[in-house]
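Chain and residue survey
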Amino acid sequence: MTSQAIPLHLPGDAPHEKIGVYVCHCGTNIAATVDVAEVRDWAGQRLEDSGVVVSRDYKFMCSSLGQELIEKDIKDLGLTRVVVAACSPHLHEGTFRGACKRAGLNPYLCELVSIREQVSWVHTDKHAATDKAKAVVSGGVERVVQNTPLEPLHVPIHPATLVVGGGIAGIQAALEIANAGFPVYLVEREPSIGGHMAQFDKTFPTLDCAACILTPRMVEAGANPNITLLTWSEVVDVKGYVGNFVVTVNKKARHVNEALCTGCGICQEKCPKKVVDEVYEAGLGYRKAVYTPFPQAVPKYPVIDVASCTFFQKGTCRACEKLCPTNAIDFSQKDELLTVEVGNIILATGYDLFDARRIPQYGYGRLANVFTSLEFERLTNAAGPTNGAIVLRDGQTTPKTVGIIHCVGSRDRNYNNYCSAICCMQSVKFAHLVKERTGAQVYNFYIDMRTTAKAYDEFYQRVLEEGTLFVRGRVAEVTDAARQPGEEGQLIIQVEDTLAGRQRRIPVDMVILSAALEPRRDAKATAQRFGLSCSADGWMIEKHPKLDPVATMTEGIFAAGCVTGPKDIPNTVAQGAAAAARVLGMIQRREIELEPIKASVNQEQCSGCRICNNLCPFNAILFHEDRMVSEINPALCQGCGTCVAACPAGAISGTGFSNEQILSQIDGLLMLNVARQSAAVTA
């Protein structure tokens, strides 16, 4: 499509600036609701006195042809300012700034105003939307006159990277970076890396052994000379900014000297104290007071559970110390604070499982043979408490009928509105494993089947052919109260079968609850520590859910895997690799350009009230006790403006958002500029 331009003639008293206005159709996203041609004509005719010398429209301004129009006008007409009326600045501000830069105009003299998200997408009245688009363009024109040329900040990038979380996402990210030759610190709060995947037996849809896939990666991470494993450790403090983070890690005392320990396992074998393993075995098995979580643990060194160890509780026993052949047990070992310097951080802290006790009508914790999905994973695992045998709580009886309930805590306004992404396929996998190992009749109770990824639906069809029965409807209750013959001694699943259009009571021996994936219990505290935000559901917020799903709003901090929402293993691995690729790109550039849109403090006006210090979401504001004034670190500041609005002394100003710019834009939005022009003509 060829653009149309309104030829304009500058009057003798025209403003000093030469402004070009460019209105985008965005296909029909804007043009279906806004009369683009009318906005173009109006801007050229009524904003002439504000400095507009050319006004154009184009079907897709963000296309290469659209950008070339802007570049050509800057060169041919000597434009000093550009206003593009299109979509959100969050989406394409960089695109149009780049076009201006290529044409020799400072990119910060370009203003992008949104007539898609703020006009066409929120209105149905075309006349009203067109009038509003004119006002938005007018505001942009008045504002851009007040814009000043800015230069980006240049920050060097430290080559080391911190990866927080040792699940499959963190392992993948760490290996990608380490294999490229750069140092990585991999921090995991548990004694071993591996995460939830280490607890699984099979993975859908290929039924690969989870340990067979995961263990080689764990061993590779543990042996890689560029990876420093910090297990049984937690990040307690983060300072600095992109390229130059200083991170404090609390390395908890294992009470085992890693330099002397050979991982022989004698200490675990001889320890007399057994406790229920609530973490790795999900409460179904036991571990010793000195333990490694599972046989393939990396690192291989055990840890002493101080809360369970007889020596720490009563001062007696010391069997592990006496029998250790290398004298590796060290009861005097203390927690250690380590400080590491890194250029980038990847958060891969994963998820927690929904506590099924929160839905009492499903009977978990009250009815013996109701199991969570994680408990069932441990039952089916060859290294689990039953050596892979699917049995009831008595440890002996094989179930003859099994009910699997989907969406427990997911897609439920009382708990979590969102879909947990893995429940359908996980439940189908469980059905296959039950059939394969016990021959039992299996019922799957589902709301909707979501089998969207590669080979997922084929696996679902396979399980259907194996004889699994699928009942569509949300389960109302699981009870042991028999009401009909044949229900005695069984669990009764009360459900509305929406396909059959009737209520059903289905007796089973075992119930498996496919529990939702939830944000980690400390997700909000973690986000605050790293200067990030969480959604209403508690998941960390990415920079852009489609175009930048592994970056965050804090430069230099990336997110991978379930930290931003539920994902299956392939997507989690892909995000780990993607986050690593982003980090490697930054490391190899050696320095990064940062947006100059920052806040700054006029220290002569600063009263030292510290209101801004407590409000900054990015921890970018320092307070100097000696001078009693605040100072903003421009590398940390994201230009959000919170401090500017909060400062009672008016001592903080925001670059790119000065009072002059904001007030001029308001004048334009209210059409005061056009009114003044009309008044002058009338006079």
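All of the points below concern the structure found in this document. What you are looking at is a predicted structure, and each value in this text was computed from that prediction instead of being measured. All residue numbers refer to positions counted from 1 along the written sequence of the respective chain. Since the coordinates come from a predicted model, pLDDT governs what is reported: local features require at least 70, and pairs of side-chain atoms require 80 or more to be given and counted, while whole-chain, interface and lining totals use all residues. Side-chain figures throughout are based on the complete set of non-hydrogen atoms in the structure, without hydrogens or water.

1. Quick notes on a nonpolar patch on the surface
Patch membership needs two things, relative accessible area over 30% and no salt bridge, and members are linked within 9 Å if like-charged or within 5 Å if nonpolar (Val, Leu, Ile, Met, Phe, Trp, Tyr). Residue-level accessible areas treat just the shown protein chains as cover; the underlying method is Shrake-Rupley with a 1.4 Å probe. Any Lys or Arg side-chain nitrogen found within 4 Å of a carboxyl oxygen on Asp or Glu counts as a salt bridge. On the surface, a nonpolar cluster with roughly 610 Å² of combined accessible area is contributed by Phe657, Ile662, Leu663, Ile666, Leu669, Leu670 and Leu672. Only DSSP runs of H or I reaching four residues or more are called helices, and only runs of E reaching two or more are called strands; each is numbered from the N terminus. The dominant element in the nonpolar patch, judged by the number of residues it contributes, is helix H17 (residues 659–669), at four residues. Among the structural elements, Ile662 can be located in helix H17. With a 1.4 Å probe rolled over the protein chains alone, any residue whose accessible area is under 20% of its type maximum counts as buried; one over 50% counts as exposed, and the rest are partly exposed. By relative accessible area, which is 31% here, Ile662 ends up partly exposed.

2. Digging into the side chain of Arg520
Its place among the elements puts Arg520 in the loop between strand S29 (517–519) and helix H13 (523–529). A relative accessible area of 17% means that Arg520 is categorised as buried. In contact with Arg520, other than residues within four places in its own chain, are Arg189, Thr349, Gly350, Tyr351 and Asp352. Whether two residues are in contact is decided by their heavy atoms: any pair within 4.5 Å suffices.

3. Examining the state of the cysteines
When the sulfur atoms of two cysteines share a covalent bond, that bond is a disulfide. In this description, a disulfide is simply a cysteine sulfur pair whose atoms lie within 2.5 Å. Under the criterion given, the structure shown has zero disulfides. Cys612 takes part in no disulfide bond, and the closest cysteine sulfur to it belongs to Cys609, at a distance of 6.2 Å. We note that Cys637 lacks a disulfide partner, and the nearest cysteine sulfur, in Cys643, lies 6.0 Å from it. Overall, Cys637 belongs to the buried group, its relative accessible area being 7%.

4. Points about the packing of helix H2 (residues 64–77) against helix H3 (residues 89–102)
Lines fitted to C-alpha atoms define the axes here, with helix axes fitted over just the stretch in contact, and angles between the N-to-C directions of these axes take values from 0 to 180 degrees. As a packed pair, H2 and H3 sit with axes 9 Å apart at the nearest point and diverge in direction by 35°. Classified by chirality, the crossing of H3 by H2 is right-handed. Residues Gln67, Ile70, Glu71, Ile74 and Lys75 of H2 touch H3, and the partners they reach there are Thr95, Phe96, Ala99, Cys100 and Arg102. When residues are grouped by polarity, Ala, Val, Leu, Ile, Met, Phe, Trp, Tyr, Cys and Pro land in nonpolar, Asp, Glu, Lys and Arg in charged, and all others, Gly among them, in polar. Residue classes in the contact of H2 with H3 are distributed as five nonpolar, two polar and three charged. Note on convention: the crossing is left-handed when the near helix lies turned anticlockwise from the far helix by less than a right angle, right-handed when the turn is clockwise.

5. Focus: the packing of helix H4 (residues 126–146) against H17
Closest axis-to-axis distance for the H4/H17 pair is 7 Å, and the angle between their directions is 150°. In terms of axis orientation, H4 runs roughly antiparallel to H17. For H4 against H17, the interelement crossing comes out right-handed. Residue-level inspection shows Ala135, Val136, Ser138, Gly139, Glu142, Arg143 and Gln146 of H4 in contact with H17, the latter providing Glu660, Gln661, Ile662, Ser664, Gln665, Gly668 and Leu669. Here the residues of the contact of H4 with H17 are counted per class, giving four nonpolar, seven polar and three charged. Any angle that falls under 35 degrees is termed roughly parallel, while one over 145 is termed roughly antiparallel, one within 65 to 115 roughly perpendicular, and all others oblique.

6. Here's the deal with the environment of Asn613
Following the sequence through the fold, Asn613 ends up in helix H15 (residues 611–615). Placed 17 residues apart in sequence, Asn613 and Ser630 show a C-alpha to C-alpha distance of 7.7 Å. By the criterion applied in these results, polar contacts are pairs of N or O atoms within 3.5 Å in which, for protein atoms, one can donate a hydrogen and the other can accept it, and in which residues neighboring in sequence qualify only through two side-chain atoms. In terms of polar contacts, Asn613 uses its side chain to reach the side chain of Ser630, at 2.9 Å.

7. Digging into the nonpolar core
Only buried Ala, Val, Leu, Ile, Met, Phe, Trp, Tyr and Cys residues count toward a nonpolar core, and they belong to the same one when joined by side-chain atoms within 4.5 Å. In this structure, Ile177, Ile227, Ile346, Phe376 and Met510 are the most contacted members of the largest nonpolar core, which totals 77 residues. Once residues within four sequence positions are removed from consideration, Phe376 is found in contact with Ile390, Phe430, Val434, Met510 and Ile512.

8. Side note on the sheet that holds strand S24 (residues 469–472)
Strands belonging to one sheet form pairs held by backbone hydrogen bonds; the direction of such a pair is parallel or antiparallel. By the convention used here, strands pair only if DSSP detects at least 2 bridges between them. The parallel open sheet is built from five strands, whose spatial order is S21-S28-S22-S23-S24. The open sheet has two free edges, formed respectively by strand S21 (370–372) and S24, since each of these has just one partner strand. For this sheet, the mean angle separating the axes of adjacent strands, direction not counted, is 20°. Two strands pair when backbone bridges link them, and strand S22 (residues 401–408) and strand S28 (residues 510–515) are joined in this way by five bridges, in the parallel orientation. Considered in S28, the bridge of Ile404 is made with Ile512. Here helix H10 (residues 373–380) sits on the sheet and contacts S21 and S28; the angle it forms with S21, its principal contact strand, is near 90°. Against the sheet, helix H11 (residues 423–438) makes contact with S22, strand S23 (441–446), S24 and S28, and its axis sits at roughly 170° relative to S22, the strand it touches most.

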